[in-house]
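Breakdown of the fold
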Amino acid sequence: MSAATTRSRTPDRLCAEAVDLARSAAEEAAAPGVVGEHVAVVSEGDRVVTHLFECKEMGYRGWRWAVTVARASRSKLVTLDETVLLPGPDSLQAPEWVPWSDRLRPGDMGPGDLLPTEAEDLRLEPGYSGEDAPPPNSAVPDAVTPGALAELVEAEDAEETDLGAAPADEGAPLSVRGTIAAVAEELGMRRARVLSRYGLHIAADRWDEAFGAKTPMAQAAPAPCVSCGFLLPLAGSLRQAFGVCANEFSPADGRVVSLAYGCGGHSEAAVMPTPPRPAPHVLDELGADAFPLGSAEN
């Protein structure tokens, strides 16, 4: 340990003795009568000391007035550095701030609330690769490259524009052919981002946990949802495992349910055979038989 470190941990004598200077500074900064007893002296460095005073102001229980004093090297004059109100070890403080993205829980959103999605959200991925490039699953032949397709679009656009500029009495078409992106947007197929595989998996896990085969309702159901007439299958890959319940009397009405889920509102519950009742035990081990204590003559 160096000598400088040792000196910084030991409060300067002159600064430590300047309690009256520190108290007057705290009383000047605070309201009258709220500066309490002198609590402690903390060494902040060479010839720098902080005096702590009890705070008696209502609403600041456990807080302390901290007054820092210092003096120059080879000088006996102690000067005021700063005065501030700081929380103590047992003070009442507001809870640590948590970002809204960590505080948000399902069901917290209300009418008019906006939930911005991060640009690097793992649940989403780009919905298209270019402004006018066809989507990967489009019906455009593989032989047509994007460059050739763009040239074809420009040529057709120029042709339609020239025809549209002709007089109306000549019967020329007035419409102008849009780009692939504009057509896709008109058809509702041009989304900037779509659900990624990760987003698909976490959604499936969440739905299966809420309305899956392991829930108490499904365990007591007469049959799974896969055989229920109120089930509306989903589209795409989720069709193999999930659907939407359309039974207004079901606890999952309007919710995405697993095909293995079930409830008492199954469409065929009324015509299903009742489960057979087990036969009574041949030997009753729980009953008691009465035996007479004396003879019949007595």
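The rules behind these values
Residues numbered from 1 in each chain as written. Predicted model: local features only at pLDDT ≥ 70, side-chain atom pairs only at ≥ 80, totals over all residues. Heavy atoms only, no water. Helix = DSSP H or I, 4+ residues; strand = E, 2+ residues; numbered from the N terminus. Buried < 20%, exposed > 50% of the residue type's maximum accessible area, 1.4 Å probe, protein only. Contact = heavy atoms within 4.5 Å. Areas by Shrake-Rupley, 256 points an atom, 1.4 Å probe, with all protein chains shown as cover. Phe/Tyr/Trp six-rings, centres within 6.5 Å; stacked < 30°, edge-to-face > 60°. Pairing = 2+ DSSP bridges. Axes fitted to C-alpha atoms, helices over the stretch in contact; angles between N-to-C directions. Core = buried A, V, L, I, M, F, W, Y, C linked by side-chain atoms within 4.5 Å. pLDDT = per-residue confidence, 0-100. Expected span 1.5 Å × (residues − 1). Arc of directions from axis to C-beta.

The next point concerns the overall build of the chain. Per the secondary structure count, the chain includes 8 helices and 9 strands. By the burial criterion, 23% of the 298 residues in the chain qualify as buried. Sequence separation of 24 or more characterises 50% of the internal contacts of the chain that already satisfy a separation of 6 or more. In the structure as shown, the chain presents an accessible area of about 22100 Å², 56% of it carried by carbon and sulfur atoms.

Take unusual backbone geometry next. With a phi close to 60°, Arg47 is a non-glycine residue in the positive phi region. The residue Arg47 is located in the loop between strand E1 (35–45) and strand E2 (48–55) in this model.

Now for the packing of aromatic side chains. The full count for this structure, using the stated rule, is 3 aromatic pairs. Ring centres of Tyr60 and Trp63 lie 5.4 Å apart, and the angle between their planes is 90°; this geometry places the pair in the edge-to-face category. On the accessibility criterion, Tyr60 (33% relative accessible area) is partly exposed. Between Phe211 and Tyr261 the ring centres are 5.5 Å apart and the planes differ by 90°, which places this aromatic pair in the edge-to-face class. Separated by 50 residues along the polypeptide, Phe211 in the loop between helix H7 (197–210) and helix H8 (216–219) and Tyr261 in the segment after strand E9 (256–258) bring together distant segments of the chain. In terms of burial, Phe211 and Tyr261 fall into one category: buried.

Here we come to the sheet that holds strand E3 (residues 63–71). In spatial order, the strands read E1-E2-E3-E4; together these 4 strands make up an open sheet with antiparallel pairing. The outermost strands of the open sheet, each flanked by one partner alone, are E1 and strand E4 (78–87). Looking at each pair of strands side by side, their axes are set apart by 20° on average, direction ignored. Contacting E1, E2, E3 and E4, helix H3 (residues 19–29) crosses the sheet at an angle of about 115° to E1.

So, on to the pairing of strand E8 (residues 242–245). Alignment of strand E7 (residues 231–233) against E8, held across 3 bridges, turns out to be antiparallel. Bridged to Pro233 within E8 is Gly243. Here 3 bridges tie E8 to E9, and the two strands are oriented antiparallel to one another. Paired with Gly243 across the strands is Val257, a residue of E9.

The nonpolar side chains of soluble globular proteins are, as a tendency, buried together. Formed by 17 residues in total, the largest nonpolar core has its most connected members in Val35, Phe53, Trp65, Val67 and Val69. Among the elements of the structure, H3, E2, E3 and E4 are those that each provide at least two residues to this core. Of the residues forming this core, the biggest block, 4 residues, is contributed by E3. In terms of nonpolar packing, the next biggest core, distinct from the first, is built from 9 residues, Phe211, Ala218, Cys245 and Ala252 among them.

A few words on the confidence of the model for the chain. When pLDDT is averaged along the chain, the result is 78, and 73% of the positions lie at 70 or above. Segment residues 139–144: pLDDT under 50, and 3 contacts once partners within four positions in sequence are set aside and those in other chains are kept. Low pLDDT (under 50) marks residues 168–178, which in the prediction has 16 contacts with non-local residues, meaning those over four places away or in another chain.

Bringing H7 into the picture now. Spanning 14 residues, H7 covers 20 Å between terminal C-alpha atoms, matching the ideal 20 Å at 1.5 Å per step. Looking only at H7, the buried set comprises Gly199, Ala203 and Ala204. An end-on view of H7 places all buried positions within 130° of arc, on one side of the element. Relative to its buried face, H7 has exposed residues pointing more than 90 degrees away, namely Arg197, Asp205 and Glu209.

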